[in-house]
Structures are given as structure tokens and as C-alpha cells.
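Chain residues, written in single-letter form:
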Amino acid sequence: MFQTLRLVTLLLVLLACPWAAAQGFEVLPWPTRKPAPALRGTDLQGQPWRLAELRGKAVLISFWASWCEPCRAEMPSLQSLAQFHGPHRLVVLAVNFKEPAATVQRYVQRTAFPLPVLLDPDGHIARQWGANVFPTTVLVGADGRVRGLVRGELDWTSPRAAQLVEPLLAPEPATVAAAAR
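As the structure is a computational prediction, the values presented were derived from the model and not from experiment. All residue numbers here refer to positions counted from 1 along the written sequence of the relevant chain. Totals for whole chains, interfaces and linings use every residue, but because this is a predicted model, local features are given only for residues with pLDDT of at least 70 and side-chain atom pairs only at 80 or more, for both listing and counting. Side-chain numbers here rest on the full set of heavy atoms in the structure, without hydrogens or water.

S.K.: Sorry if this is basic, but what is going on with the overall build of the protein chain here?
M.R.: Helix and strand definitions follow DSSP, with helices as H or I runs of at least four residues and strands as E runs of at least two, each counted in order from the N terminus. Looking only at helices and strands, the protein chain has seven helices and eight strands in total. Every one of the 181 residues in the protein chain was classed for burial, and the buried ones make up 43%. Every residue pair with non-hydrogen atoms within 4.5 Å of one another is taken to be in contact. Within the protein chain, contacts between residues at least 6 apart in sequence are counted, and of these 68% link residues at least 24 apart. The classification of residues rests on relative accessible area computed with a 1.4 Å probe and restricted to protein chains. Under 20% of the type maximum is buried, over 50% is exposed, and intermediate values are partly exposed.

See below:
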């Protein structure tokens, strides 16, 4: 009985919001007057990361967990996006939510995930950034301003993702020089 009721409720929600089933993600603007939290974390290799030190590059902060199927499905496209733009233009930081370092390390080794993985063992970083759905990806422009959040799974190699990422990027040096002429 309970399982049938849950199924009926899920179907009603999906029928009321067909875009949610079709997209699998939503884009939310960052509140205009809300400052960006100071992101400080350490990756699995012990390297410290600070958002302030990445100014001049677009940054995607992806909150994920190894138990989250949409997170795991999204990671290869995040990796492709980072490789396409290169580390001089775009940095993707994968912030793991509340998992032991050994669990995260095993997952990263098993999947050969090359991006920096920061640990958030108590969920403090996720709370600061409003990540309460997984995956959640924070969009930060090269100017250091937070532009929005993507909640849910997105194919980061898709045209929709390009519409979100392109405005974050700093102009290529050759483009800036040509515009100055």
C-alpha cells in the first residue's frame, strides 16, 4: 500500500512538472546581494585550494558523493569540459560531501577521475554554498562573481551547458589583443 502511494505521488509530481523529468536539472541564479562564501579546502593530495586564488579563471564547484548515481553519471562530462577549456581558463573542483577520505580515494582511483577532489567531511562547505541536492554545481565567473547554481545532473558537453559556461570564461588573450587594435 505504502509503495503504491509513493509511486502515485511521484507520478503526480512528474506530470505536474514535466520539465523536471525531461531536464534532470534546474538553473538557479545566485542572489544578487549575497557574497560568495570563502571556499577553502584541501584535495586528496593535500594541496590547499582557495577560490580567491583562482580569480581570472572560470570555476565550477561540483558538490557530489560516490553514492549519488546522477553525480557519478555527470562526472565524465565535467572532466571533458575541463579538458576542452584547459586549466588556464576553467577549473572544476569536485567537492565530496561527507564521505571518508579512504572511500573517496578508492572511487577516484577506480574511475581514474583526474580533477581536484576536495573533502567536505562535515558538510560545512556544502551548507555555505546552498548545496542540498546532489549534484549541485556552482558557476563562478573569471571575475570571481558567483553567477548561479545548477541543481541536478547536466551533460556538461551539451549546448545548454555551453550557454552556462561561456559567459563565465575570461576572453582568450588573442581575442583581447585583437579587440584593443
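S.K.: How should I be thinking about helix α4 (residues 101–111) in this particular structure?
M.R.: The α-helix advances 3.6 residues per turn, and as a result positions three or four apart in sequence lie on the same side. All buried positions along α4 are accounted for by Val-104, Tyr-107 and Val-108. Across the axial projection of α4, the buried residues extend over an arc of 95°, all falling on one side. Across from the buried face of α4, at angles greater than 90 degrees, the exposed residues are Arg-106, Gln-109 and Arg-110. Packing partners of the buried residues in α4 comprise β4 (58–64), α3 (69–85), β5 (90–97) and β6 (117–120). Ala-112 sits one or two positions beyond α4 and adopts a positive phi of about 55°. Note: the arc covers the axis-to-C-beta directions of the helix.

S.K.: Got a minute to help me understand the state of the cysteines in this structure?
M.R.: Where two cysteines share a covalent bond between their sulfur atoms, that bond is called a disulfide. The disulfide criterion used throughout: a pair of cysteine sulfur atoms within 2.5 Å. Here the structure, examined in full by the defined rule, presents one disulfide. Two residues share a disulfide in this structure: Cys-68 and Cys-71, whose sulfurs sit 2.4 Å from each other. Judged by the torsion about the S-S bond (80°), the Cys-68/Cys-71 disulfide is right-handed. We classify Cys-71 as buried; its relative accessible area is 1%.

S.K.: I would appreciate a short explanation of α3 in the present structure.
M.R.: Under the 1.5 Å per step criterion, the end-to-end length of α3 is 26 Å for 17 residues, consistent within 8% with the ideal 24 Å. Note on bend: the value at a residue is the angle between axes fitted to the seven residues ending there and to the seven starting there. At Met-75, α3 shows its largest kink, close to 30°, and the proline Pro-76 lies no more than four residues downstream. Considered for burial, the residues of α3 that qualify are Cys-71, Glu-74, Met-75, Ser-77, Leu-78, Gln-79, Leu-81, Ala-82 and His-85. Elements in contact with the buried residues of α3: β4, β5, α4, β7 (136–140), β8 (146–152) and α6 (159–165). Positioned one or two residues after α3, Gly-86 has a phi angle of 80°, which is positive. By this rule, a helix spans an expected 1.5 Å times one less than how many residues it contains.

S.K.: What exactly am I supposed to notice about the layout of surface pockets here?
M.R.: Over the atoms rolls a probe the size of a water molecule, and its path tells where empty space is left. Put simply, the grid is 1 Å and covers the protein atoms alone, a cavity is a trapped set of points that fit a 1.4 Å probe, a pocket is an open set with protein on both sides within 12 Å along at least five of seven lines, and lining residues have an atom within 4 Å of a point. Grid points are joined across faces, edges and corners, and a volume is the space filled by probe spheres set on the points. Its volume calculated, the largest pocket comes out at about 220 Å³. Ala-36, Leu-51, Arg-55, Gly-144 and Arg-145 are, among the 18 residues lining the largest pocket, the residues nearest its centre. Nonpolar residues are Ala, Val, Leu, Ile, Met, Phe, Trp, Tyr, Cys and Pro. Charged residues are Asp, Glu, Lys and Arg, and all others, Gly as well, are polar. Across the lining of the largest pocket, the residue classes tally to 12 nonpolar, two polar and four charged.

S.K.: Would you mind showing me how to read the nonpolar core here?
M.R.: Only buried residues count toward a nonpolar core, which is a set of Ala, Val, Leu, Ile, Met, Phe, Trp, Tyr and Cys residues joined through side-chain atoms within 4.5 Å. If you look at the biggest cluster of nonpolar residues, it comprises 52 residues, and the most contacted ones within it are Leu-60, Ile-61, Phe-63, Trp-129 and Trp-156. With residues near it in sequence (within four places) discarded, Leu-60 still touches Leu-78, Leu-81, Leu-90, Val-91, Val-92, Leu-93, Thr-137, Val-138, Leu-139, Trp-156, Val-165 and Leu-168.

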